[in-house]
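Here are the chains, one letter per residue:
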Amino acid sequence: MSSLELLAILPQLVLSLAIVLQLLLIAVKRSTLMIQAFTAISIVLAGTAHYLIMPAINTQSTILFYLDGFSLAISVLVLFCAFIVCLVSGRYLKVSQEVHDEYYVLLLLVTLGASLLAISNHFASVFLGLELLSIALIGMVGYLRNRRQTLEASFKYLILSATASSILLFGMAMIYAYSGNLNFHHLSNSFLAVNNPQMQLLFNAGSVLFIVGLAFKLSLAPFHMWTPDVYQGAPAPVSMLLATVSKTAIFAVLIKFWFFSVQYVSPSSEQPMLNVITFVAIASMIVGNLLALQQTNIKRLLAYSSIAHMGYLLIILNVMSHQSLQLAWESGLFYLLAYCLATLLIFTFICQTSKANSEQDNDNWQHWNGLFWRSPVQAAALMCALLSLAGIPLTAGFIGKFYIISTAVDNAAWWLLASLVVGSGIGLYYYLRIIFTLFAKPDNQHLFKLNRLSHAVIVSLSITLLVFGILPDVISEEVRLFALSKFG
């Protein structure tokens, strides 16, 4: 293994070393504050390591990993989300007398699994990263064992996660039987070279199973049933982790598998895989938004909303030629960035106004009645995030949707475009309903006190959403460079 190959996986090595040191630290002294600080520093160091690995862009590290610009950007986004989760978890868990060192070990394991997924280029590394992420998440979802809903959510996530992994593994086996290789890059040669209809059927069946396994993890319709219950039952910081880190890393796997295996350019005119993706995308956009309409629990609403957002993202997979790939990679990256920033902001508010020792989190958005008149800063930040998720101009979400719409128009995906417009219209209704509640008559029964750190986080995230929305050139050039891997 050359030094360049080692350099390409430096952030993952830093995270692995940090987990070992965490365990040693726990053996020496058990302190929640110390382990939280150590975890935050470890994530920052892993993030800083990305600057050092720029020379290793476009490097194959063993047969399992390939570092390109897109993978690097996803890995940085994953670490950023994990860092925010680590910051907000301290106040959330502070009320308990218990030492929460194992919580932070699980957090680093989830981060490592997601980071491995970001650079995976092989089915074996994908399965390794997925299992590392999923098993650690099962422990985190059921972490507050005194809550009945939490245990139920953990059990549900355990069963469905295991089911999804089984389907995924079966799909991998079928693809291997067809191609004789588990590397993503090799799939394109096999797919275009083999003209035997039976073998192509085997490959398509394996691909469908693989995509179904990922669709379970991404909670795409019609595999979304677990999502609202798990979001509601899990502790707020863990729901935040599920909504950002987990979804970002798994979607990165889906987009790499799809584009590297060149399934969008089918040898036959039927394009069966494109039809599957189109069906799942339309179902997710419509079902997710419709089910979110009647939700008064903000965690359930965000769960359904996330189904719709993953449906929007699927539009970028519907490309008809190699020339459209550039825009598709850029669109995916920018939309994920905008989605994560807005989701982090809302969940930060929920985490910081909730306590781990209470029966449930501050997840009834009707309790935010009149928040603007009591705390204009908190209300303005929430409003910014909601408008961004709705795709309103002057926010990052609008630019993200503009990217998606451009991709759809470029590939004449009119049905998907129509579904996006309808879904966005429905979404606008329930996002605006929450915003109107913020400006309603004040209700003094519910006061939400945030500390300086919490205020700093939500204000910083809201400013970032606005800057990326008003001045997209600040970030769009970097997104283009990362998407095209032009550093190597």
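Criteria and cut-off values
- Residues numbered from 1 in each chain as written.
- Predicted model: local features only at pLDDT ≥ 70, side-chain atom pairs only at ≥ 80, totals over all residues.
- Heavy atoms only, no water.
- Helix = DSSP H or I, 4+ residues; strand = E, 2+ residues; numbered from the N terminus.
- Rg over C-alpha atoms; globule rule 2.2 N^0.38 Å.
- Buried < 20%, exposed > 50% of the residue type's maximum accessible area, 1.4 Å probe, protein only.
- Contact = heavy atoms within 4.5 Å.
- Areas by Shrake-Rupley, 256 points an atom, 1.4 Å probe, with all protein chains shown as cover.
- Lys, Arg positive; Asp, Glu negative; His and termini not counted.
- Charge placed at Lys NZ, Arg CZ, Asp CG, Glu CD.
- Phe/Tyr/Trp six-rings, centres within 6.5 Å; stacked < 30°, edge-to-face > 60°.
- Core = buried A, V, L, I, M, F, W, Y, C linked by side-chain atoms within 4.5 Å.
- Polar contact = N/O pair within 3.5 Å; in protein donor to acceptor, adjacent residues only side chain to side chain.
- Patch = residues over 30% accessible without salt bridge, like charges linked within 9 Å, V, L, I, M, F, W, Y side chains within 5 Å.
- Salt bridge = Lys/Arg side-chain N within 4 Å of Asp/Glu carboxyl O.
- Axes fitted to C-alpha atoms, helices over the stretch in contact; angles between N-to-C directions.
- Parallel < 35°, antiparallel > 145°, perpendicular 65-115°, else oblique.
- Left-handed = near helix turned anticlockwise from the far one by under 90°.
- Nonpolar A, V, L, I, M, F, W, Y, C, P; charged D, E, K, R; others polar.
- Disulfide = S-S within 2.5 Å.

**Observations regarding the overall build of the chain**
From N to C terminus, the chain includes 20 helices and two strands. Computed over C-alpha atoms, the radius of gyration of the chain comes to 22 Å, within 12% of the 23 Å expected from 2.2 N^0.38 for 488 residues, which places it in the range of a compact globule. Across the 488 residues in the chain, those meeting the buried criterion constitute 59%. In the chain, of all internal contacts separated by at least 6 residues, the share reaching a separation of at least 24 is 80%. Accessible surface for the chain amounts to roughly 18,300 Å². Of this, 68% is attributable to carbon and sulfur atoms. Looking at the chain, you have 22 positive and 18 negative side-chain charges, and the mean spots of the two groups are 11 Å apart.

**Here we look at the packing of aromatic side chains**
For the structure on display, the rule yields 20 aromatic pairs. Seen from their ring centres, W373 and F439 are 6.4 Å apart, and the 80° between their planes marks the pair as edge-to-face. Of this pair, W373 sits in helix α15 (residues 371-374) while F439 sits in the loop between α18 (414-438) and α19 (452-470); the two residues are 66 residues apart in sequence, bridging distant segments of the chain. For W373, a relative accessible area of 52% puts it in the exposed group. Judged by relative accessible area, F439 falls into the partly exposed class, the value being 33%. Site record: aromatic cluster; members linked through ring pairs are F70, F259, F260 and W329.

**Some remarks on unusual backbone geometry**
Between A221 and the following residue, P222, the backbone shows a cis peptide bond with an omega angle of 5°. Mapped onto the elements, P222 comes out in the loop between α9 (197-218) and α10 (226-233). For S219, which is not a glycine, the phi torsion comes out positive at approximately 55°. Inspection of the secondary structure puts S219 in the loop between α9 and α10.

**What to know about the nonpolar core**
Counting 170 residues, the largest nonpolar core has F210, F251, F259, I298, L317, I346 and W368 as the members making the most contacts within it. Ranked by the residues each element gives to this core, the list is headed by helix α14 (residues 325-352), at 20 residues. In contact with W368, not counting residues within four places along its chain, are I298, F349, I350, N362, L382, I434, T437, L438 and F448.

**Here we look at the side chain of S424**
Inspection of the secondary structure assignment puts S424 in helix α18. At 2.7 Å, the side chain of S424 forms a polar contact with the backbone oxygen of L420. When neighbours within four sequence positions are excluded, S424 is seen to be in contact with N289, Y312 and K401.

**What about a nonpolar patch on the surface?**
Where nonpolar side chains cluster on the molecular surface, the patch consists of V377, L394, V459, I463, L466, V467, I470, L471 and V474 and spans about 720 Å² of accessible area. Broken down by element, the nonpolar patch gets its largest block of residues, five residues, from α19. Tracing the backbone shows V467 in helix α19.

**With respect to the environment of A413**
Assignment of secondary structure puts A413 in the loop between α17 (396-410) and α18. In the structure, A413 is positioned 67 residues away from R480 in sequence and 22 Å away in space, judged by C-alpha atoms.

**A word on the packing of α14 against α17**
Between α14 and α17, the least distance of the axes is 8 Å, while the angle of their chain directions is 155°. Comparing the axis directions of α14 and α17 gives the class roughly antiparallel. Of the two elements, α14 crosses α17, and the hand of that crossing is left-handed. Packed against α14, whose contacting residues are L327, A328, E330, S331, F334, Y335 and A338, the element α17 presents A396, G397, I399, G400, K401, Y403, I404, S406, T407 and D410 at the interface. When its residues are assigned to classes, the contact of α14 with α17 shows nine nonpolar, five polar and three charged.

**A few points about the pattern of salt bridges**
Enumeration over the complete set of coordinates arrives at eight salt bridges. Residue D229 pairs with K156 through a salt bridge whose shortest N-O separation is 2.6 Å. Highlighted residues: D229 in helix α10 and K156 in helix α7 (residues 148-179), separated in sequence by 73 residues. We classify D229 as partly exposed; its relative accessible area is 26%. Here R300 ties to D229 by a salt bridge, and the two come within 3.0 Å at their closest N and O atoms.

**Quick word on the side chain of Q12**
Within the secondary structure layout, Q12 lies in helix α2 (residues 10-28). Taking relative accessible area as the criterion, Q12 reaches 5% and is therefore assigned buried. The contacts of Q12, once residues within four sequence positions are left out, are S75, L112, S115, L116 and I119.

**Some remarks on the state of the cysteines**
The full count for this structure, using the stated rule, is zero disulfides. Cysteine C86 remains unbridged, with the sulfur of C351 as its closest cysteine sulfur at 12 Å. According to the relative accessible area criterion, C86 is buried, its value standing at 1%. A relative accessible area of 0% places C351 in the buried class.

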